[in-house]
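# Examination of the molecular architecture
Below are the chains, spelled out letter by letter.
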Amino acid sequence: MPHIISHRGASGYRPEQTLAAFELAARMGADYLEPDLVITGDGVLIARHEPYLGDSTDVSDHPEFAERRTTKTIDGHVIRDQWFAEDFTIDEIKTLRAREPMPELRQQNTIYDGRFEIPTFQEVIDLTKRLSGQLGIDVGVYPETKHPTYFQGLGTPLEPALIDILDSNGLNRAGANIYVQSFEVANLRMLRDHLWVPFIQLTDSHGAPYDRVTAGHAHTYRDMMTPEGLAEIATYAQGIGPTKGSVIPRNPDGSLGEPTSLVDDAHAAGLEVHPYIWRAENAFLPTGYRSSDQPAHLGDLFRSLEIFLDAGIDGLFIDHPDIAVEVIKDRT
């Protein structure tokens, strides 16, 4: 059966990247909890989608941190007037509380604003262990290394901390219920020499891995999803994580088009295919699956998901894991 990967936890129901979102996802039946990893100034991996904290925490309400608001460039993009994880210690991070980063679409999640801490990666692993015992299943973890080149440039690389945590938790072994993913290539190749776990090469519908851009390589994500590119990925990874649109693109009117050959091509190269991201709000759904013209209203994610499962995907990143559970259960 396809893997159900809870995208930043059950983030359709709780503020993302919180222990509450991760726990709810596991209790809903998700196979994997997916934390994005950035690192603090004192070397602790925490679960945040980006290094900047202003969109998903209450850091702006802390006058003691006002002077740390700054502008930085991440992977060629200027991020203005933000607070960055690497400028905080873990003790300082623990004084912050999570907020819903898409309040205009998920107003119901905002009732939890201020209730939950920012978890460390170790706390996410501890949660998977506890829930595995309570639920009688092996709850997996699926971390993403965010902006590896950026953190390497700061002198606080993510990879040594990731290796240490997986080693100390008995997860650096064949058969451990874990995948490690990245949009970059060089760090996955490096980690392959240190970790005995499967890797997922994330791709996008445009652009290129930032480490390849800085190294002067011409290969784009589109190049990586050709049969030749997939064969190269298979030398260091066990699967790909493409956008949904790389599997089934949308027509100009927003409706779903015809499946591409990507799933078949990846399978021919011996790779799994775990696309992202499924969300239930109309804003994210193809036309024909929306319930109204209101972006925040919920549409027919069930039927939309069915189409992609028919295309042969091996896993899926989803904000509403309970919906994936229902759809997959109905197909077995």
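Quick note: structure is the one above.
The sections below set out a description of the structure shown in this document. Residue indices begin from 1 for each chain and proceed along its sequence in written order. The predicted nature of this model means local features are confined to residues of pLDDT at least 70 and side-chain atom pairs, given and counted, to a pLDDT of 80 or more, with totals for whole chains, interfaces and linings taken over all residues. Values shown for side chains rest on all heavy atoms present in the structure; no hydrogens or waters enter the calculation.

Across its full length, the chain carries 13 helices and 13 strands. In this description the radius of gyration comes from C-alpha coordinates, and the expected globular size is given by 2.2 Å times residues to the power 0.38. Against the compact-globule benchmark of 20 Å for 332 residues, the chain has a radius of gyration of 19 Å, which places it among compact chains. Seen through its C-alpha atoms, the chain measures out along the principal axes to roughly 55 × 45 × 45 Å. Each residue gets one of three labels from its accessible area relative to the maximum for its type: buried under 20%, exposed over 50%, partly exposed in between, using a 1.4 Å probe on protein chains only. Counting the 332 residues in the chain, one finds 53% classified as buried. In this description, contact between two residues means that some pair of their heavy atoms is separated by no more than 4.5 Å. Restricting to contacts in the chain with at least 6 residues of sequence separation, those with at least 24 account for 65%. His is not counted, nor are the chain ends; Lys and Arg add positive charge and Asp and Glu add negative charge. To locate a charge, take NZ of a lysine, CZ of an arginine, CG of an aspartate or CD of a glutamate. Side chains of the chain give 28 positive and 51 negative charges; the mean places of these two sets differ by 3 Å. Helix and strand assignments follow DSSP, with helices taken as H or I runs no shorter than four residues and strands as E runs no shorter than two, numbered in order from the N terminus.

To continue, consider the packing of helix 12 (residues 301-310) against helix 13 (residues 321-331). Orientation of helix 12 relative to helix 13, taken along the N-to-C sense of each, is 55°, at an axis distance of 10 Å. Judged by the inter-axis angle, helix 12 sits oblique to helix 13. In the crossing of helix 12 with helix 13, the sense of the turn from one axis to the other is right-handed. Residue-level inspection shows Leu-301, Phe-302, Leu-305, Glu-306, Leu-309 and Asp-310 of helix 12 in contact with helix 13, the latter providing Ile-323, Ala-324, Glu-326, Val-327, Ile-328 and Arg-331. The class makeup of the residues in the contact of helix 12 with helix 13 is eight nonpolar, no polar and four charged. Note on geometry: axes are lines fitted to C-alpha atoms, helical ones only across the stretch in contact, with angles between N-to-C directions running from 0 to 180 degrees. Throughout this description, any angle smaller than 35 degrees is read as roughly parallel, any larger than 145 degrees as roughly antiparallel, any in the 65 to 115 degree range as roughly perpendicular, and the remainder as oblique. Crossing handedness: left-handed means the near helix sits turned counterclockwise from the far one by under a right angle, and right-handed means the same turn made clockwise. Residues are grouped as follows: nonpolar covers Ala, Val, Leu, Ile, Met, Phe, Trp, Tyr, Cys and Pro; charged covers Asp, Glu, Lys and Arg; every other residue, Gly included, is treated as polar.

If you trace the backbone, Glu-184 turns up in the loop between strand 9 (180-182) and helix 6 (186-191). Think of a polar contact as two N or O atoms within 3.5 Å of one another; within protein, one of them needs to be a possible hydrogen donor and the other a possible acceptor, and neighboring residues in sequence only count if both atoms come from side chains. Only 2.6 Å separates the side chain of Glu-184 from the side chain of Thr-149, close enough to count as a polar contact. The residues contacting Glu-184, other than those within four sequence positions of it, are Asp-75, His-147, Pro-148, Thr-149, Gln-201, Pro-209, Tyr-210 and Asp-211.

Let's shift gears to the pairing of strand 5 (residues 70-74). Whether two strands pair comes down to DSSP finding at least two bridges between them. Here four bridges tie strand 5 to strand 6 (residues 77-82), and the two strands are oriented antiparallel to one another. Bridge pairing in strand 6 links Thr-73 to Val-78. A loop of two residues connects strand 5 with strand 6, the two strands running antiparallel in sequence, and Asp-75 in this loop sits at a positive phi of about 50°.

Attention shifts here to the nonpolar core. Considering soluble globular proteins, one finds that nonpolar side chains tend to be buried as a cluster. Buried residues of nine kinds, namely Ala, Val, Leu, Ile, Met, Phe, Trp, Tyr and Cys, make up a nonpolar core once their side-chain atoms join them within 4.5 Å. Among the nonpolar cores identified, the biggest contains 85 residues, and Leu-45, Phe-121 and Val-180 are the most heavily contacted of them. In terms of residue count, the dominant contributor to this core is helix 5 (residues 158-168) (six residues). In this structure, Val-180 is in contact with Pro-143, Leu-162, Leu-166, Leu-188, Leu-191, Leu-195, Val-197, Pro-198, Phe-199 and Ile-200, ignoring residues within four places of it in sequence.

Glancing now at the packing of aromatic side chains. Here the aromatic set is Phe, Tyr and Trp, taking the six-membered ring for Trp, and pairing holds for ring centres within 6.5 Å; pairs whose planes are under 30 degrees apart are stacked, those over 60 apart are edge-to-face, and all others are tilted. Going through the model one piece at a time under the given rule, you end up with eleven aromatic pairs. When the ring of Tyr-32 is compared with that of Tyr-142, the centres are 5.7 Å apart and the planes differ by 90°; the resulting orientation is edge-to-face. One end of the pair, Tyr-32, is in strand 2 (residues 32-34); the other, Tyr-142, is in the loop between strand 7 (140-141) and strand 8 (144-145), and 110 residues separate them in sequence. With respect to burial, Tyr-32 and Tyr-142 carry one shared label: buried. Three or more aromatic residues link up through ring pairs in this structure, and these residues are Tyr-32, Tyr-142, Tyr-179 and Phe-317. The ring of Phe-284 carries Arg-279 above its face, with NZ or CZ at 4.9 Å from the centroid. We call a charge positioned above a ring when the Lys NZ or Arg CZ atom is no farther than 6 Å from the ring centre and deviates by at most 35 degrees from the ring normal.

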